[in-house]
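# Chains, contacts and geometry: an overview
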Number of protein chains: 4
Amino acid sequence: MKVGVLGATGYAGQELVRLLQRHEEVNDLYLASSSVAGEDYDSVYPHWLGQNVGILQDENVPDLDVLFCALPHGLTAARTSTFLSRNIKVIDLGADFRLNSAQVYEEWYKIKHPAAGLLKDAVYGLTELYREQIRGRSLIANPGCYPTATLLALVPLLRKNLLQTKFLIIDAKSGVSGAGRGVSLGTHYSEVNENFKPYGVASHRHTPEIEQELSRAAGQPLTVNFTPHLVPMTRGMLVTIYAAVQDGVKEEDLRRCWLEQYNGEEFIRILPQGTWPQTKFASGSNNAFLQLTIDQRTGNAILVAAIDNLIKGAAGQAIQNMNLVMGCPESQGITGTALWP
Amino acid sequence: MKVGVLGATGYAGQELVRLLQRHEEVNDLYLASSSVAGEDYDSVYPHWLGQNVGILQDENVPDLDVLFCALPHGLTAARTSTFLSRNIKVIDLGADFRLNSAQVYEEWYKIKHPAAGLLKDAVYGLTELYREQIRGRSLIANPGCYPTATLLALVPLLRKNLLQTKFLIIDAKSGVSGAGRGVSLGTHYSEVNENFKPYGVASHRHTPEIEQELSRAAGQPLTVNFTPHLVPMTRGMLVTIYAAVQDGVKEEDLRRCWLEQYNGEEFIRILPQGTWPQTKFASGSNNAFLQLTIDQRTGNAILVAAIDNLIKGAAGQAIQNMNLVMGCPESQGITGTALWP
Amino acid sequence: MKVGVLGATGYAGQELVRLLQRHEEVNDLYLASSSVAGEDYDSVYPHWLGQNVGILQDENVPDLDVLFCALPHGLTAARTSTFLSRNIKVIDLGADFRLNSAQVYEEWYKIKHPAAGLLKDAVYGLTELYREQIRGRSLIANPGCYPTATLLALVPLLRKNLLQTKFLIIDAKSGVSGAGRGVSLGTHYSEVNENFKPYGVASHRHTPEIEQELSRAAGQPLTVNFTPHLVPMTRGMLVTIYAAVQDGVKEEDLRRCWLEQYNGEEFIRILPQGTWPQTKFASGSNNAFLQLTIDQRTGNAILVAAIDNLIKGAAGQAIQNMNLVMGCPESQGITGTALWP
Amino acid sequence: MKVGVLGATGYAGQELVRLLQRHEEVNDLYLASSSVAGEDYDSVYPHWLGQNVGILQDENVPDLDVLFCALPHGLTAARTSTFLSRNIKVIDLGADFRLNSAQVYEEWYKIKHPAAGLLKDAVYGLTELYREQIRGRSLIANPGCYPTATLLALVPLLRKNLLQTKFLIIDAKSGVSGAGRGVSLGTHYSEVNENFKPYGVASHRHTPEIEQELSRAAGQPLTVNFTPHLVPMTRGMLVTIYAAVQDGVKEEDLRRCWLEQYNGEEFIRILPQGTWPQTKFASGSNNAFLQLTIDQRTGNAILVAAIDNLIKGAAGQAIQNMNLVMGCPESQGITGTALWP
């Protein structure tokens, strides 16, 4: 397959390159960057020296089977119809095709949607939850990292009506790499290290994405409290979710629902009771780790999910989707366990 | 004043020594450790070289004005009545006198309470909330770190009946120093670094302490979901709290309640709207930072509090209580801003 | 091939398992641990859940092609002759066969060498430097992490007599994982984090190993100043080496020597001039990064090498050696670039 | 005293503010920032809320007793003669007055020295080594952080001619705060965390400053190899120094020399034999920790010094100098031990 990456020097882009380079069905790799076109990849990332990745191209996209777009929102949508018309499958790691509604997009991203007409053709690429819809499709909206962790935990339970939809709390924690490679005081080492803080409280752009998918699972509109926090570590994401259960629902009902949903899944690990996810369990892998309990004092369910924000939360899931779209084995190129310690 | 510390080589104990050494009213310091009695303090902590702290004593407590007990639970209570009968004021940094009920203590701490008869004499030492009860008293139960952060945010609002008591979520995050100086795989550098995890889910011993004090504030029994997490950093604690508000309550009502409660407080900083607490704001200081909002999508309140777990969450508040008990200016020896960066 | 690992739950052992599991020629994996035999691998390391590694065996070693020994010193040597007599190739990640002299071993490791007679049969497995001696051999002493980084930089230059041997300074820095999984105050998170310190000054056990190999390269006995330091990070190792050059030797002579020695090497990256190694360049990979300069003020050479201490410094190089011993392509199972960021 | 700080929002500037605020002789504080004049200090640093530091001024300096300049090089020198003519004592935390030679300054800092005529009036403010010259003077060049740690270890030994001057290796390691608050890829969290790297190899601007002072101590010109490295931590600095000793010099001679030099010094701690400095020993304090040995294998001395780069390496020593200049007790406002853990 001939595969391309737009935005190949961002953190998600670079992770795509790393994973694609070892993917056996990918024999031609087009890597583009608008800002450093013409430079050697290993001059941008010296640790790539000797891996023969070559020169970064400009964004004149050649004929490809699949194109990954790891660009700021707005930039992908503007060009997608061209790509599709050339029979290039598009997997967008950005936000342009995640929301079904152009109006909601415009409200949260503060720009007019550049290709609202394509929204109906996009599939939301949370692989385990929408596998059949993804297979063979041409335009995949790769989910955000926070939504990936959140939806893996909640969607099966809401589909089966095991949770109430009234008081859904998603307290989320992310490593700093989620903020990308652009420098700012908020990601300046001395201000982040030995520090822990919430950000985007009641206003983070992954909120409507989470609400859209949870509403779809629940069969009714719902809202959530979603609070992201920045953890002084580079990689990893963990969400702690609180929800009231429906009358009579017990811990084993919730667990059984997860086990049924994720039976046979290569990347979903429901931990043994009492073992709680840690971000490091997932670090460097496409695996997601899940655990839950019902707190006997309050009767509420506590769900925890952990992923690597750049792999299952970005590049790994994008390749999982590519595999589905192109008919490769779903786990090709993205198997393996975490780097530990 | 002549002041003593039992458990002077643990992290809270060492922080007490640091703060007491610069306290102008403390002119005699008795430091004891059951495990390393007879050793020089600076052989245990080489960075203390040249500070003239002297030899660690055994636990034959001399005549003192105030004794801080920074010991594992059970050990303080067994000896407290002796100390009190010798007119030594006791400030317990452990858990022995925090819970009003010996039965609840026994349920959570799995030992019989060694001095249940003294529980009624102990005052819960969350200084800003119980100042008048603390002044001049002889037995102070210094609060746990998680309860300190949580109660500072919630108690004023519950006292004024601004929040519902049904669905109280306390998602808490702590630096690793809270686990103390004892080694374990759970605090082994390579397992903690670049890792984030929950622990004690639905079972942490600070839960009944939080519930007791929130119930007192609300005037009715209530339960909470309390989930602590371990952050890969040494110091700092932040809690994110979710609660439904009473009908008609607005963000400005909550804020006004805090401002009234904490008007003139030296250690409580209610941040300007839109600025959220970070653990580093408090690091090395006795200050607590607060912020809140009401999420317009769900109508729920989100409250955040940050403290230094070893200072306002332990040694600093203990000295604040000593100051009250002994009639010193409340902030003596514990003023100052965080060490930044 | 049928491959075994003794000490499969230490950090080096676990890294061996990770790498061997994806090695295409390894179809049978025997994993042993004396301390947790009988337990599931994923109960020791929950992130291994779903990878089907199975139960940890006791140390009754079955018939194998290759056995990796990742054990404390002394334990491997005691059993090696038995393994060899059963035609099992032994790759020792410990220190038992690194030193040619039993007497030097006894001086530094404080025990009698359990198999001094085998020392002459062991090959020092620094692959790039002793490739031809390793091929097809039965007993490989896998080098220590510090020696690996140091020797890669120095040996070629000493072989060609480009450096003086009188004043060789090796200032080395390692991540904490090099200390293994055993808990101690020295690896307790709160004592290591935000801290940097030397250790084993003028007394570290890798000293005689480095001196032995440098003396061999120089053709004369020499001594070095070797000072390891602990860096507050989990993985990675970097050595900064200072040496006087022989009369008339220029920077380009040194560089040319490296380029000739490492021409065509898959795992050695000599960075472009002015780009200095960083430990993260190597993290998660078997790659070693090198750079040098001659300081114009003093005329001394400064050499820097960076590796991942657990891969090129342990498990990765061990597999590289296995590949050589067994006739597999040398880089099989250990290719790929670092995990970044 | 009325004291001012130019550059009050940089890291060194902010540390000055923290220390000056608790200094009993400072009753009036003028804080200026060219970039954010007119803003509240606590809008720049929210953790300062409630400390009443007030509004940042522009750089129209009022009448003051002492002015600290924490500005990029070049900016201080241009205005110093004005300050001096107004009887304002100037303590420059920048590089403008550290080098005696305008020519060397121009070579390393690449600008013409703006006030070469004042160089002869400046005193190099390494307090313990030049105390008598500093007392009562008007223009103090506060040393760089690397020179401070290095010179404390080496100067006494060179003054007594105990070390050879030929092969002086200074391998230095610093936390990231030394790079200041300006954002860059080199201080971007995800690129620095879990990473260790040299920088400024054979070209760092502290080299001529170190050489100048060591040459002065030795009584002859000398050069050094100085290699700084970046440690993934915020604060702290440690230098490891290698030197050949003069014939017949023993470890106890070196130690005795240090003990004599630093006898009675409040901020210098020579650790007991076998205990090596750690950066955390000094963190948050003005203390410097020293240790040495002679490596029996090579006969070379190994010296290690650790300081807090922002305190003894910048703001703390600046106040120590202010105290000397103004006749206050030398340790006023800067006593105390490290924040631990």
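Each chain carries its own residue numbering, running from 1 in the written order of its sequence. Think of it this way: whatever chain is written first is A, whatever ligand is written first is 1, and the rest follow in order. Reporting of local features is limited, given that this is a predicted model, to residues whose pLDDT is at least 70; pairs of side-chain atoms are given and counted only at 80 or more, and all residues count toward the totals for whole chains, interfaces and linings. In computing side-chain properties, one takes all heavy atoms of the structure into account and sets aside hydrogens as well as water.

### Things to note about the interface of chain B and chain A
- On the chain A side, the residues contacting the 47 residues of chain B number 47 residues.
- When two components associate, each loses some accessible surface as probed by a 1.4 Å sphere; the sum of these losses over both components is called the buried area. When the two sides are added together, the surface that chain B and chain A hide from each other amounts to roughly 4,100 Å², 57% of it contributed by carbon and sulfur.
- The term salt bridge refers to a side-chain nitrogen of Lys or Arg lying within 4 Å of a carboxyl oxygen of Asp or Glu. Here chain B is connected to chain A by four salt bridges.
- A salt bridge links Asp 171 of chain A to Lys 173 of chain B; its shortest N-O distance comes to 2.9 Å.
- Helix and strand labels come from DSSP, where a helix needs a run of H or I of at least four residues and a strand needs a run of E of at least two; each type is numbered from the N terminus. Of the residues forming the side of chain B that touches chain A, the biggest block, five residues, is contributed by strand S10 (residues 237-244) of chain B.
- Think of it as three bins: nonpolar holds Ala, Val, Leu, Ile, Met, Phe, Trp, Tyr, Cys and Pro, charged holds Asp, Glu, Lys and Arg, and polar takes everything else, Gly as well. Tallied by class, the residues present in the side of chain B that touches chain A amount to 22 nonpolar, 15 polar and ten charged. It only takes one pair of heavy atoms within 4.5 Å for two residues to be counted as in contact.

### Quick notes on the relation of the copies chain B and chain A
- The operation relating chain B to chain A is a screw motion whose rotation component is 180°, with 0.0 Å of axial translation and a residual RMSD of 0.0 Å. Taken together, these values place the two copies in the relation of a two-fold axis.
- Here 100% of the interface residues in chain B have copies in chain A that are interface residues too; the copies meet face to matching face. Fitting of the copies onto one another was done by least squares over C-alpha atoms, counting residues only where both copies have pLDDT of at least 70.

### Overview of the sheet that holds strand S10 (residues 237-244) of chain D
Residue and element names in this part refer to chain D.
- Whether two strands pair depends on DSSP finding at least two bridges between them. Read across the sheet, seven strands follow the order S8-S9-S7-S10-S13-S12-S11 without closing on themselves; strand pairing throughout is mixed. For this open sheet the edge positions go to strand S8 (197-198) and strand S11 (268-270), each flanked by a neighbour on one side alone.
- Relative to strand S13 (residues 300-307), S10 runs antiparallel, the two being bridged by eight bridges. Across the sheet, Leu 238 pairs through a bridge with Ala 306, a residue of S13.

### Section: the pairing of strand S3 (residues 66-69) of chain D
Residues and elements named next belong to chain D.
- The alternating pattern of S3 places Val 66 and Phe 68 and Leu 67 and Cys 69 on opposite faces, both of which are buried.
- Relative to S3, strand S1 (residues 2-6) runs parallel, the two sharing four bridges. Bridging across to S3, Val 3 finds its partner in Val 66.
- Of the strand pairs in this sheet, S3 and strand S4 (residues 89-92) are connected by four bridges, and their pairing is parallel. Looking across to S4, one finds that Leu 67 is bridged to Val 90. Working definition: with a 1.4 Å probe on protein chains only, accessible area under 20% of the residue-type maximum means buried, over 50% means exposed, and in between means partly exposed.

### Things to note about the interface of chain C and chain A
- Each partner contributes residues to the interface: chain C has 35 residues there, and chain A has 35 residues.
- Here chain C packs against chain A, burying approximately 2,800 Å² in sum over the two surfaces, 62% of which is carbon and sulfur.
- The three residues of chain C that bury the most area against chain A are His 47, Leu 339 and Trp 340 of chain C, which together make up 25% of that side's buried surface.
- Put simply, chain C and chain A have zero salt bridges between them.
- Polar contacts, as used here, are pairs of N or O atoms within 3.5 Å; protein pairs need one atom able to donate a hydrogen and one able to accept it. Residues neighboring in sequence count only if both atoms are side-chain atoms. For the pair chain C and chain A, the number of links is 14 residue pairs in polar contact (both at pLDDT 80 or more).

### Regarding a negative patch on the surface
- Candidates for patches are residues over 30% relative accessible area with no salt bridge; among them, like charges are joined within 9 Å and nonpolar side chains (Val, Leu, Ile, Met, Phe, Trp, Tyr) within 5 Å. Computed with a 1.4 Å probe, the accessible areas rest on the Shrake-Rupley method; for each residue, only the protein chains presented here act as cover. All tallies of charge rest on Lys and Arg as positive and Asp and Glu as negative; His and the ends of each chain are not included. Positions of charges follow a simple convention, taking NZ of Lys, CZ of Arg, CG of Asp or CD of Glu. Together, Glu 24 and Glu 25 of chain A together with Glu 24 and Glu 25 of chain C make up a negatively charged patch on the protein surface.
- Its location among the elements puts Glu 25 of chain C in the loop between helix H1 (11-21) and strand S2 (28-32).
- A residue is classified by how much of its surface remains accessible, and Glu 25 of chain C, at 37% relative accessible area, is partly exposed.

### So, the side chain of Asn 142 of chain C
All names here are of chain C.
- Tracing the chain through its elements places Asn 142 in the loop between strand S6 (139-141) and helix H6 (145-159).
- Since its relative accessible area comes to 0%, Asn 142 is described here as buried.
- A polar side-chain atom of Asn 142 sits 3.4 Å from the main-chain amide nitrogen of Ala 318.
- At 2.8 Å, the side chain of Asn 142 forms a polar contact with the side chain of Asn 321.

### Focus: the domain arrangement of chain A
Residues and elements named next belong to chain A.
- Domain extents, as shown, originate in an automatic or database domain assignment. As far as domains go, chain A holds domain 1 (2-143 + 312-326) and domain 2 (146-309).
- Opposite the 27 residues of domain 1 that make contact, domain 2 presents 33 residues.
- Both faces combined, the contact of domain 1 with domain 2 buries some 2,500 Å², and carbon together with sulfur accounts for 51% of it.
- Per-residue buried area on domain 1 facing domain 2 is highest for Trp 108, Leu 129 and Lys 312; these three make up 28% of the total on that side.
- Taken together, domain 1 and domain 2 are joined by three salt bridges.
- One salt bridge in this structure joins Glu 15 and Arg 235, with 3.1 Å as the shortest N-O distance.
- The set of elements that each furnish at least two residues to the side of domain 1 that touches domain 2 consists of helix H1 (11-21), helix H4 (102-109), helix H5 (127-134) and helix H11 (311-326).

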